[in-house]
Amino acid sequence: MGLNGDEAAAYAVKQVNPDVVAAYPITPQTIIVERFSEYVADGLVDTEFVSVESEHSALSCCVGAAAAGARAFTATAANGLALMWEITYIASALRLPIVMAVANRALSAPINIHNDHSDAMGARDSGWIQIWCENSQEVYDACIEAWRIGEHPEVQLPVMINLDGFTLSHTLENVLTLPDETVQEFVGEREFMRVKGHMGEADFRLDPERPLTIGPLDLPDFYFEHKLQQVEALKKALRAIPAVDEEYSKLSGRRYELIHPYRLEDAEIALIGLGSTMGTVMHVVDELREEGVKAGALKLRIFRPFPEEALKEAIRGIPAIGVLDRAISFGAPGGPLYEEVKTALYEEDERPIVVNYIHGLGGRDSPPDLIKSIYKSLDHARIRGRAMEKVVYAGVRG
Amino acid sequence: MSELTLREASRKPDLLAPGHRLCAGCAEPMVVRMILKAVRGPTIATTATGCLEVATTIFPYTAWNLPWIHNAFENAAATASGIEAAWRAMRRKGRGPLSKYETLDVVAFAGDGGTYDIGLQALSGALERGHDFTYVLIDNEAYMNTGIQRSGGTPYAAETTTSPAGSVIPGKREWKKPIEDIVIAHRIPYAATLSPAYPLDVLRKARRAFEADGPAFLHAIVPCSRGWRFPPEKTIMVSRLAVQTCVFPLWECWLEKGRPVYRLSAPSEAVAKRPESKKPVEEYLSIQGRFRHLFQPKRRDDIIKSIQEWVDERWMQLLEKAGLG
């Protein structure tokens, strides 16, 4: 059916029919909550829709609901996600598999409602699983898979689904959907961790029959260990995600994995990136291949946990790598994705040239011509054997 | 409405167990224990960041004999909204772990900082949406957990670490924020004030709060021996004096035909009936170190007088609201 990215998210969540959806409107996320509230108004879901007074309360409400054993969903963007920042850490530390769609948007100031990734990159260290979508189909599929990934017994973490603001959120595409029953059967019932509480073994939730104290004061004697449990859970997600994906592929015929390599086998230059730009990148790869340029691309579907091994494996032997960042990490050696890719490659025997291309901030278009010029610049670096500039701000007026 | 007797309450197990690390003389555990005696059955509690939270849940220990969650400082009302929404959804669907409970008492505890200041937005939002939960403001009139800094609930002229009594400025310069008026303006079904000096009153009001269909607000005065600078054994005396001087009168308020109806509770009603029994605020102020600068080295009659006038004015307004003016 024809759906834009926001509608694809809302439709998937409708089919999942979670217990609680708490949300606050912010462009370009608004369509998600608008559509969902229509489903509620028409009785198509029996979700409790909580129209909260802020994003901070949206996520806080989801924390309360998920701790009480409910499936909880919210959606936000940009400053909304920034306002949730405090609670993003709490949701993951309390091991609550909340699902949140983020229609990625630039952060103020200056105020800008268009796409870049500075919002989600600000939340990258908060312990959430991050799925990045290239198109509406991926948004739909991720909004179904996310529940199973987050609720996986070895994981139990919140999941953020990123879709580029306007580029995906407001663009109509054909999306293949599954029947409601198939989705219902796939997500099943929520699973809980078993924990040892002060009143014996219990499901990890707020249960009047088996009381637990969730979110206590953790002094230096335990805090560190609890943080390491989050580290472990994210590591385990690297195995859980492909396992859930495998199951999902049997239902849908669509398979995603952690990363999506494109024409990398004999590539001499390759771009790594996240989100909708990668569709353009792969289109440009095809064009360059026709011109005889050995170009390739690597789309990261999962940014957290960072699929380091899969990424290294996929690009091994490629002499020049360009990393596309749609966010700035002010004062840092480069963009957030660039730094991670470079760190991952440091231990490699043969280290490629790595150039950072920061592009598309605040919704600036990244057309095929721009991507082509990035490949060209990367190829120059390959031929010269070094990059003239470590960080290139691509598509900026001189 | 079912009345709860002291006898019944005394037979119920404490849901906030002994062994917590709140200070000697702290009124918070007294009030919380009394309120939790009044729950009707399955109950889930949430607590904002503050003394009550940190002193009762030092991992791996806990004093809570009921399911309890701490989320953050400013979002107790939003967390409670989520718990209530989860229960409501599961009831409607007829599945999910909370679906079997016909009633679920959801209670949120937050201090004055988490209510008057940083948590006011989340509280207002939850009240406006009409979630069926009980919000308990445990008001010790400053940020005691962080070291006695002033809050919107700190009374005029009180000394705190951020409103120190100096040679130019004598303590806090602003009057206590009228939180109850703000809350009641949301047209919630039930609101009341509590003092640990009157346990039966606490039990009755807590039960009414839990039974109310929609949000209920309980405002408890919880004297803090550290922050208010009085000996720990004087907590109940201070709590009682707050009521007897009408600094913190006891009343309850519910909606009738959409309008708030106020009724004074017995201890304050007694003062209303015998105005000569109303004690001067000086009695309340002079036993607390946070007001010491009003009495020495030089007596500040001007400030004491303006506090008395403020208290009298608020008291008159309350009498009018209760139809006794």
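Here the structure is a predicted model, which is why all the values come from computation and not from measurement.

**Q** Would you mind showing me how to read the overall build of chain B here?
**A** Of regular secondary structure, chain B possesses 13 helices and eight strands. Relative to the 2.2 N^0.38 estimate, which gives 20 Å for 325 residues, the radius of gyration of chain B is 19 Å and therefore close to what a compact globule would have. Taken over the C-alpha atoms alone, chain B extends approximately 65 × 45 × 40 Å along its principal axes. Within chain B, buried positions represent 57% of all 325 residues. Carbon together with sulfur atoms contributes 53% to the accessible area of chain B, which is approximately 12900 Å² in total. Of the charged side chains in chain B, 43 are positive and 35 negative; the average position of the first set lies 3 Å away from that of the second.

**Q** What am I meant to see in the environment of leucine 178 of chain A here?
**A** All names here are of chain A. Its location among the elements puts leucine 178 in the loop between strand S8 (173–174) and helix H7 (180–187). As for leucine 178 and serine 252, which are separated by 74 residues in sequence, their C-alpha atoms are 7.1 Å apart. For leucine 178, the contacting residues outside a window of four places in its chain are Gln15, Tyr140, Val183, Tyr248, Leu251, Ser252 and Arg254.

**Q** Explain the pairing of strand S5 (residues 99–104) of chain A here, please?
**A** Residue and element names in this part refer to chain A. Taken across its six residues, S5 has six buried, putting it largely inside the fold. Every second residue of S5 is oriented toward a common face, with Val99, Ala101 and Ala103 on one face and Met100, Val102 and Asn104 on the other, all of them buried. Of the strand pairs in this sheet, strand S4 (residues 72–76) and S5 are connected by four bridges, and their pairing is parallel. Residue pairing for S5: threonine 76 is matched across the bridge by valine 102. Between S4 and its parallel partner S5, the chain crosses via helix H4 (residues 78–93), and the hand of that crossover is right-handed. Summarising the sheet, S5 and strand S7 (residues 159–164) pair through six bridges and their orientation is parallel. Bridged to valine 99 within S7 is valine 159.

**Q** Please explain the environment of leucine 250 of chain B as it appears in this structure.
**A** Residue and element names in this part refer to chain B. The residue leucine 250 is located in the loop between helix H10 (235–244) and strand S7 (251–256) in this model. Take leucine 250: its relative accessible area is 0%, and that puts it in the buried class. A C-alpha to C-alpha distance of 9.6 Å links leucine 250 and histidine 219, two positions 31 residues apart in sequence. If near-sequence neighbours (up to four positions away) are discounted, leucine 250 is found in contact with Thr193, Leu194, Ser195, Tyr198, Asp201, Lys205, Val243, Leu264, Ser265, Pro267 and Ser268.

**Q** Even after reading the chapter, I still don't get the sheet that holds strand S16 (residues 320–325) of chain A, so can you show me in this structure?
**A** All names here are of chain A. A sheet is described by the order of its strands in space; here six strands give the open sequence S12-S14-S13-S16-S17-S18, paired in mixed fashion. Strand pairing shows two members of the sheet lacking a second neighbour, strand S12 (259–262) and strand S18 (391–393), which therefore form its edges. Taking each pair of neighbouring strands and ignoring which way they run, the sheet shows an average axis angle of 20 degrees. In this sheet, strand S14 (residues 295–300) lies alongside strand S13 (residues 269–273) in parallel orientation, the contact comprising five bridges. Along S14, the bridge assignment pairs isoleucine 269 with alanine 295.

**Q** Please explain a nonpolar patch on the surface as it appears in this structure.
**A** Together, Phe224, Leu228 and Val231 of chain A make up an exposed nonpolar region whose accessible area comes to about 300 Å². Assignment of secondary structure puts phenylalanine 224 of chain A in helix H8 (residues 223–252).

**Q** What is the right way to read the nonpolar core from this model?
**A** A general tendency of soluble globular proteins is for nonpolar side chains to be buried together. In terms of nonpolar packing, the biggest core is built from 178 residues, with Ile129 and Tyr140 of chain A together with Tyr135 of chain B touching the most fellow members. In terms of residues, this core owes the most to one element, helix H4 (residues 76–93) of chain B, which gives nine residues. Counting residues in each nonpolar core, the second largest holds 38 residues, with Trp64, Trp68, Phe109 and Ala209 of chain B among its members.

**Q** What is the right way to look at the interface of chain A and chain B in this model?
**A** Interface size is often expressed as the accessible area that is lost when the parts come together. Each side of the interface is counted separately: chain A has 48 residues, and chain B has 45 residues. Of the roughly 3500 Å² buried where chain A meets chain B, counting both sides, 60% is carbon and sulfur surface. The largest contributions to the chain A side of the interface with chain B come from Glu48, Pro208 and Leu217 of chain A, which together make up 16% of the buried area. For the pair chain A and chain B, the interface holds six salt bridges. A salt bridge links glutamate 209 of chain A to lysine 100 of chain B; the shortest N-O distance between them is 3.1 Å. If you look at where chain A meets chain B, you find 21 residue pairs in polar contact (both at pLDDT 80 or more). The element best represented in the side of chain A that touches chain B is helix H3 (residues 55–67) of chain A, accounting for eight residues. The class makeup of the residues in the side of chain A that touches chain B is 24 nonpolar, 14 polar and ten charged.

**Q** Sorry, what's going on with the packing of aromatic side chains here?
**A** The geometry of an aromatic ring pair comes down to the distance between the two centres and the angle between the two planes. Counted under the stated rule, the structure contains 16 aromatic pairs over all chains. Ring centres of phenylalanine 36 of chain A and tyrosine 39 of chain A lie 6.2 Å apart, and the angle between their planes is 90 degrees; on these two criteria the pair is classed as edge-to-face. Taken as a pair, phenylalanine 36 of chain A and tyrosine 39 of chain A lie in helix H2 (residues 30–41) at a separation of three residues, close to a single helical turn. Exposure class is identical for phenylalanine 36 of chain A and tyrosine 39 of chain A. Each is buried. Here tryptophan 64 of chain B and phenylalanine 109 of chain B contribute two aromatic rings whose centre-to-centre distance is 6.1 Å and whose plane-to-plane angle is 40 degrees, an arrangement assigned as tilted. One end of the pair, tryptophan 64 of chain B, is in the loop between helix H3 (51–56) and strand S2 (68–69); the other, phenylalanine 109 of chain B, is in strand S3 (residues 105–111), and 45 residues separate them in sequence. Residue class for tryptophan 64 of chain B comes out buried when judged on its relative accessible area of 0%. Site record: aromatic cluster; members linked through ring pairs are Phe36, Tyr39 and Phe49 of chain A. Above the plane of the ring of tyrosine 346 of chain A lies arginine 351 of chain A, whose end atom (NZ or CZ) is 4.6 Å from the centre. Between arginine 290 of chain B and the ring centre of tryptophan 228 of chain B, over which it is positioned, the NZ or CZ distance is 3.7 Å.

**Q** Help me understand the pattern of salt bridges in this model?
**A** Oppositely charged side chains can form a pair if their charged atoms are brought close together. Residues and elements named next belong to chain A. The full count for this structure, using the stated rule, is 56 salt bridges over all chains. One salt bridge connects aspartate 203 with arginine 205, and the closest N-O pair in it is separated by 3.7 Å. Under the relative-accessibility criterion, aspartate 203 is labelled partly exposed at 23%. The salt bridge involving lysine 235 is made with glutamate 232; its shortest N-O contact spans 3.8 Å. With lysine 235 and glutamate 232 both in helix H8 and three residues apart, the pair spans about one turn of that helix. For glutamate 232, a relative accessible area of 38% puts it in the partly exposed group. Taken together, the shared-partner salt bridges connect Arg194, Glu201, Asp203, Arg205 and Asp207 into one network.

**Q** Please explain the sheet that holds S5 of chain A as it appears in this structure.
**A** Note: strands within a sheet are paired through backbone hydrogen bonds, in either parallel or antiparallel orientation. All names here are of chain A. Read from one edge to the other, the open sheet built from seven strands follows the order S3-S2-S4-S5-S7-S6-S15, with strand pairing classed as mixed. Of all strands in the sheet, those bounded by a partner on one side alone are strand S3 (48–51) and strand S15 (302–304). In this sheet, neighbouring strand axes are inclined to one another by 20 degrees on average, regardless of whether the strands run parallel or antiparallel. Packed on one face of the sheet, H4 meets S4, S5 and S7 and runs near 130 degrees to S4.

Calculation rules
Residues numbered from 1 in each chain as written. Chains lettered and ligands numbered in written order. Predicted model: local features only at pLDDT ≥ 70, side-chain atom pairs only at ≥ 80, totals over all residues. Heavy atoms only, no water. Helix = DSSP H or I, 4+ residues; strand = E, 2+ residues; numbered from the N terminus. Rg over C-alpha atoms; globule rule 2.2 N^0.38 Å. Buried < 20%, exposed > 50% of the residue type's maximum accessible area, 1.4 Å probe, protein only. Areas by Shrake-Rupley, 256 points an atom, 1.4 Å probe, with all protein chains shown as cover. Lys, Arg positive; Asp, Glu negative; His and termini not counted. Charge placed at Lys NZ, Arg CZ, Asp CG, Glu CD. Contact = heavy atoms within 4.5 Å. Pairing = 2+ DSSP bridges. Right-handed = clockwise from strand over helix to strand, strands pointing away. Axes fitted to C-alpha atoms, helices over the stretch in contact; angles between N-to-C directions. Patch = residues over 30% accessible without salt bridge, like charges linked within 9 Å, V, L, I, M, F, W, Y side chains within 5 Å. Salt bridge = Lys/Arg side-chain N within 4 Å of Asp/Glu carboxyl O. Core = buried A, V, L, I, M, F, W, Y, C linked by side-chain atoms within 4.5 Å. Buried area = accessible area lost by both parts, 1.4 Å probe. Polar contact = N/O pair within 3.5 Å; in protein donor to acceptor, adjacent residues only side chain to side chain. Nonpolar A, V, L, I, M, F, W, Y, C, P; charged D, E, K, R; others polar. Phe/Tyr/Trp six-rings, centres within 6.5 Å; stacked < 30°, edge-to-face > 60°. Lys NZ or Arg CZ within 6 Å of the ring centre and 35° of its normal.

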